[in-house]
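Listed below, chain by chain, are the residues.
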Amino acid sequence: SQEKQMLKKILILTALLTAMLATPARAVLTIEITQGIEAGIPIAVVPFAWQGTPMQDDRMADIIQADLNRSGRFESIPRQDFLSRPSDIRQVKYKDWRLLKAEALVVGQAKEISPGKFNVQFQLIDVFKGKQLAGYRYTVSARQLRKLSHQISDIIYHKLTGEKGAFNTRIAYITREKAGNKKRYLLKVADSDGYKPRTILESPQPLMSPAWSPDASKLAYVSFEKRRSMIFVQRLNDGKREKIASFKGINSAPAFSPDGRKLAFVTSKDGNPEIYVYDFATRAIKRLTRHHGIDTEPSWMPGSNRLVFTSDRSGQPQVYQMNADGSGVSRLTYKGKYNARPSVSDDGRLLVMISRGSGRYHVAVMDMRTKEVTRLTDTLLDESPSFAPNGRMVLYATEQQGKGVLAAVSADGKIHQTIKFLQGDVREPAWSPYLRR
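Residue positions within a chain follow its written sequence, with the count starting from 1. Predicted model: local features are reported for residues with pLDDT of at least 70 only, side-chain atom pairs are reported and counted for 80 or more only, and whole-chain, interface and lining totals are derived from all residues. For the side-chain quantities, the full set of heavy atoms in the structure was used; hydrogens and water were omitted.

1. Description of the overall build of the protein chain
Let me state the cut-off plainly: In DSSP terms, a helix is any run of H or I states spanning at least four residues, a strand is any run of E spanning at least two, and both are numbered starting from the N terminus. Each radius of gyration reported is based on C-alpha atoms, and the globular scaling rule is 2.2 Å times the count of residues to the power 0.38. Under the scheme applied here, a residue whose accessible area is under 20% of the maximum for its type counts as buried, over 50% as exposed, and between as partly exposed, the area being computed with a 1.4 Å probe on protein chains only. What makes two residues a contact is simply this: any of their non-hydrogen atoms within 4.5 Å. Computed with the Shrake-Rupley method and a 1.4 Å probe, the accessible areas treat only the protein chains shown as cover for residues.
Assigned secondary structure in the protein chain consists of four helices and 32 strands. On C-alpha atoms alone, the protein chain measures out to a radius of gyration of 23 Å, which is about the 22 Å that the 2.2 N^0.38 rule sets for 437 residues. Based on the C-alpha atoms only, the size of the protein chain along its principal axes is roughly 70 × 45 × 45 Å. Across the 437 residues that make up the protein chain, the buried fraction comes to 52%. Counted over contacts in the protein chain with a minimum sequence separation of 6, partners at least 24 positions apart contribute 43%. A total accessible area of about 20,300 Å² is found for the protein chain, and carbon and sulfur atoms account for 48% of it.

Written as structure tokens, this is what we have:
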């Protein structure tokens with residue numbers, strides 16, 4: 001029935017966040033999958049057989065199942081329906097899983113071989129063909145178990161959909177928290193599912209516009225810590241940072257080039273907000289735009305040869321493109337009176353942006369070939385859209401009941417989910433590139 005289908009679409013996963021650096025207290029994270037595809041791939045993820053010291057992060061099958069559910073492309077078989085719980089393909093009774101109409105089966109086991117060190121293996125099985133689709137063995141430390149779970153999810157996703165997964169990635173975002181009359185702003189980095197948050201910077205003044213380096217080792221951001229806007233680039237491994245721009249006036253919207261050698265940004269140091277590029281090797285700054293309108297929000301297209309940006313040079317905010325030297329400026333968007341905050345998928349096929357319609361600000365995508373625009377969301381105040389590195393999902397910020405939350409939508413608009421944090425308003429998300437293994 002339609003009611004039953006809707007119930008299947010709504011999955012609420014609640015768990016405790018751990019390893020929070022900002023506070024030792026634990027906080028609740030809720031992920032709501034409010035819409036998925038009509039018929040996801042039926043899959044059973046069997047809890048891994050575990051040998052050794054119980055670990056807080058040993059719930060590998062839980063993490064894998066949650067990843068696959070969040071993608072909206074799968075329909076998990078409830079574990080209470082399992083007729084058996086194999087941990088190796090040799091133990092699989094295929095009739096048990098065919099009765100449950102499972103098309104794919106995931107089994108695995110983990111064994112502690114020394115204190116804090118584990119051997120892990122998993123197998124992905126085609127139930128109807130009765131054969132293994134993928135199988136790997138790993139030796140990892142206890143702290144790598146969650147990361148390994150996301151890597152296994154990526155393998156499963158790729159084998160069953162033909163598309164590259166993006167579970168073993170991170171997200172950066174800004175939270176604003178209140179304590180009495182005081183506010184604090186925190187720049188955080190977490191796993192792609194919001195878990196294991198780490199505070200990169202804390203400030204009593206606003207933080208804005210986090211942007212990842214292409215190797216995911218650094219973040220650029222805007223800080224108002226001295227009550228004026230400044231752009232920094234900070235290394236994640238040791239916290240060391242470099243000040244890139246602190247000119248009089250506006251300094252905003254940093255964006256790394258795909259090769260990591262340059263940083264585009266906006267400054268009004270010459271009177272009008274214009275787009276500039278900083279060269280990390282020479283420390284030289286080059287001005288790209290020269291127009292009496294406001295040019296802002298630069299974002300690099302694949303290949304480091306072109307950029308997209310927002311400009312009101314036509315009278316209203318629209319998306320433009322130009323060469324990396326500032327030449328060849330042309331307008332991209334014509335539909336609607338407001339299109340801003342552009343970003344292009346890694347394959348160059350889609351451009352995501354914020355568009356205004358009927359008084360609302362929505363996430364929309366434009367096909368770069370046909371220039372056709374599709375609205376993806378129906379919420380009120382969406383902002384800061386960011387593609388997953390595989391281009392399949394878009395992460396963005398929105399409001400629910402007056403509170404900032406993160407949300408994600410598939411590039412075709414069929415899959416929707418919301419990530420809610422217990423504390424603070426959450427804003428300005430940025431999805432990382434693929435992590436180095």
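2. Side note on the pairing of strand E15 (residues 241–245)
Heads up, the condition is: Whether two strands pair comes down to DSSP finding at least two bridges between them.
When strand E14 (residues 230–235) meets E15, the two strands line up antiparallel, connected through four bridges. By the bridge assignment for E15, Phe-232 is matched with Lys-243. The antiparallel pairing of E14 with E15 creates a hairpin that spans five residues between the two strands, and Gly-239 there sits at a positive phi of about 80°.

3. A few points about unusual backbone geometry
Phi angles above zero are rare outside glycine, and Lys-101 is one such case at about 65°. Overall, the relative accessible area of 60% leaves Lys-101 in the exposed class. Positive phi values are uncommon outside glycine, yet Ser-304 reaches one of about 70°. Tracing the sequence through the fold places Ser-304 in the loop between strand E20 (295–300) and strand E21 (306–311). A residue is classified by how much of its surface remains accessible, and Ser-304, at 15% relative accessible area, is buried.

4. Re the pattern of salt bridges
So the rule is basically this: One side-chain nitrogen of Lys or Arg within 4 Å of one carboxyl oxygen of Asp or Glu is enough to make a salt bridge.
Scanning the model with the defined rule gives 20 salt bridges in all. Taking the shortest distance from any N to any O, the salt bridge between Asp-193 and Arg-146 comes out at 3.3 Å. Here the residue Asp-193 occupies a position in the loop between strand E10 (182–191) and strand E11 (198–203), and Arg-146 occupies one in helix H4 (residues 145–161), the gap between them amounting to 47 residues. Looking at Asp-193, the relative accessible area reads 5%, which means it is buried. Note on Arg-146: relative accessible area 4%, which makes it buried. A salt bridge links Arg-283 to Glu-242; the nearest nitrogen and oxygen atoms lie 2.7 Å apart.

5. Remarks on the side chain of Ser-76
Threshold: Each polar contact in these results corresponds to two N or O atoms within 3.5 Å; when the atoms are within protein, one needs to be able to donate a hydrogen and the other to accept it, and residues that are neighboring in sequence are counted only if both atoms are side-chain atoms.
In this structure, Ser-76 sits in strand E5 (residues 74–76). The class for Ser-76 is buried, based on a relative accessible area of 19%. Polar contacts involving the side chain of Ser-76 include one to the side chain of Asn-69, which spans 2.7 Å. Beyond its immediate stretch of four places on either side in the chain, Ser-76 contacts Ile-43, Gln-65 and Asn-69.

6. Concerning the sheet that holds strand E19 (residues 285–287)
As a reminder, the rule being used: Here, axes are lines fitted to C-alpha atoms. For helices the fit covers the stretch in contact, and angles between N-to-C directions go from 0 to 180 degrees.
Strand order in the open sheet formed by four strands is E16-E17-E18-E19, with antiparallel pairing between adjacent strands. The open sheet has two edge strands with one neighbour each: strand E16 (251–256) and E19. Geometrically, the sheet is characterised by an average inter-axis angle of 25° between neighbouring strands, direction not taken into account. Note that E16 and strand E17 (residues 262–267) share four bridges and pair antiparallel. The partner of Phe-256 across the bridge, within E17, is Leu-263.

7. Thoughts on the pairing of strand E29 (residues 393–400)
Burial analysis of E29 places six of its eight residues in the buried class, which makes it a mostly covered element. Pairing between strand E28 (residues 383–387) and E29: three bridges, direction antiparallel. If you follow Ser-386 over to E29, its bridge partner there is Leu-395. Sheet analysis places E29 next to strand E30 (residues 403–410), joined by eight bridges and oriented antiparallel. If you follow Tyr-396 over to E30, its bridge partner there is Ala-407. What sits between E29 and E30 in their antiparallel hairpin is a turn of two residues, with Gln-401 showing a positive phi close to 55°.

8. Overview of the packing of helix H2 (residues 60–71) against H4
Defined as follows: Should an angle fall under 35 degrees it is called roughly parallel, over 145 degrees roughly antiparallel, and 65 to 115 degrees roughly perpendicular, with every other angle called oblique. Note on convention: near helix rotated counterclockwise from far helix by under a right angle means a left-handed crossing. Clockwise means right-handed. Only Asp, Glu, Lys and Arg are considered charged, only Ala, Val, Leu, Ile, Met, Phe, Trp, Tyr, Cys and Pro nonpolar, and every remaining residue, Gly among them, polar.
Two elements in contact, H2 and H4, have axes whose closest approach is 9 Å; the angle formed by their N-to-C orientations is 45°. Put simply, H2 runs oblique to H4. Considering how the two elements wind past one another, H2 and H4 form a crossing that is right-handed. For the pair formed by H2 and H4, the contact residues are Met-60, Ile-63, Ile-64, Asp-67, Leu-68 and Ser-71 on the first element and Leu-145, Arg-146, Leu-148, Ser-149, His-150, Ile-152, Ser-153, Ile-156 and Tyr-157 on the second. Along the lines of polarity and charge, the residues of the contact of H2 with H4 split into nine nonpolar, four polar and two charged.

9. Details of the sheet that holds E20
Judged by pairing direction, the sheet is antiparallel, and its four strands sit side by side in the order E20-E21-E22-E23 without closing on themselves. Taken across any chain shown, the strands that pair with only one partner, and hence form the sheet edges, are E20 and strand E23 (330–331). Judged from the six bridges that link them, E21 and strand E22 (residues 318–323) form a sheet pairing that is antiparallel. What sits directly across from Thr-310, in E22, is Val-319.

10. Notes on the nonpolar core
This is how it is decided: Among the buried residues, those of types Ala, Val, Leu, Ile, Met, Phe, Trp, Tyr and Cys that are joined through side-chain atoms within 4.5 Å form a nonpolar core.
Counting 26 residues, the largest nonpolar core has Val-120, Phe-122 and Ile-156 as its most contacted members. Counting residues per element, the ones that place at least two in this core are strand E3 (41–45), H2, strand E6 (104–114), strand E7 (117–126), strand E8 (131–141) and H4. Top contributing element to this core by residue count: H4, with six residues. Non-local contacts of Val-120, meaning those with residues more than four positions away in its chain, are made with Phe-48, Met-60, Gln-109, Ala-110, Tyr-136, Arg-137, Tyr-138, Val-140, Leu-145 and Leu-148.

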